[in-house]
Amino acid sequence: MPSGSFLQADVLCPFYINDSNKPPKIKCEGLSDKNRLALNFVKSDAKNSHIKLFCAGEYQLCPLFRVIYEKYEE
């Protein structure tokens, strides 16, 4: 069974792991190797908009990208 939505084929962000529709959620790489970050949404439309705008678009502008990227700059 595939995990995530059809939008994951367009994802460019290197920190994206997957997403789900029930509940609407996006999982990203964590701040360390022992955790993951999750964005939980009230509606799938909001999750899909976030994926299109950040994960599959301007991912460098995503607040989570900036936080995760800092661990590699050290």
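To be clear, the structure that these remarks concern was listed above.
Residues numbered from 1 in each chain as written. Predicted model: local features only at pLDDT ≥ 70, side-chain atom pairs only at ≥ 80, totals over all residues. Heavy atoms only, no water.

## Description of the environment of Y72
- With respect to the helices and strands, the residue Y72 is situated in helix α2 (residues 63-73).
- Along the backbone, Y72 and P24 are 48 residues apart, and their C-alpha atoms lie at a distance of 28 Å. (Helix = DSSP H or I, 4+ residues; strand = E, 2+ residues; numbered from the N terminus.)

## A closer look at the sheet that holds strand β2 (residues 24-29)
- An order of β1-β2-β3 is seen for the three strands of this open sheet, with the pairing classed as antiparallel. Looking at the sheet topology across the chains shown, the edges are occupied by β1 (16-21) and β3 (36-40). Neighbour-to-neighbour, the strand axes of this sheet turn through a mean angle of 15°, independent of strand direction.
- Across five bridges, the pairing between β1 and β2 is antiparallel. Bridged to Y16 within β2 is C28.
- Relative to β2, α2 is tilted by about 20°, and along the sheet it contacts β2 and β3. (Pairing = 2+ DSSP bridges. Axes fitted to C-alpha atoms, helices over the stretch in contact; angles between N-to-C directions. Contact = heavy atoms within 4.5 Å.)

So, to be careful, I would describe these as geometric facts and stop short of saying anything about function.
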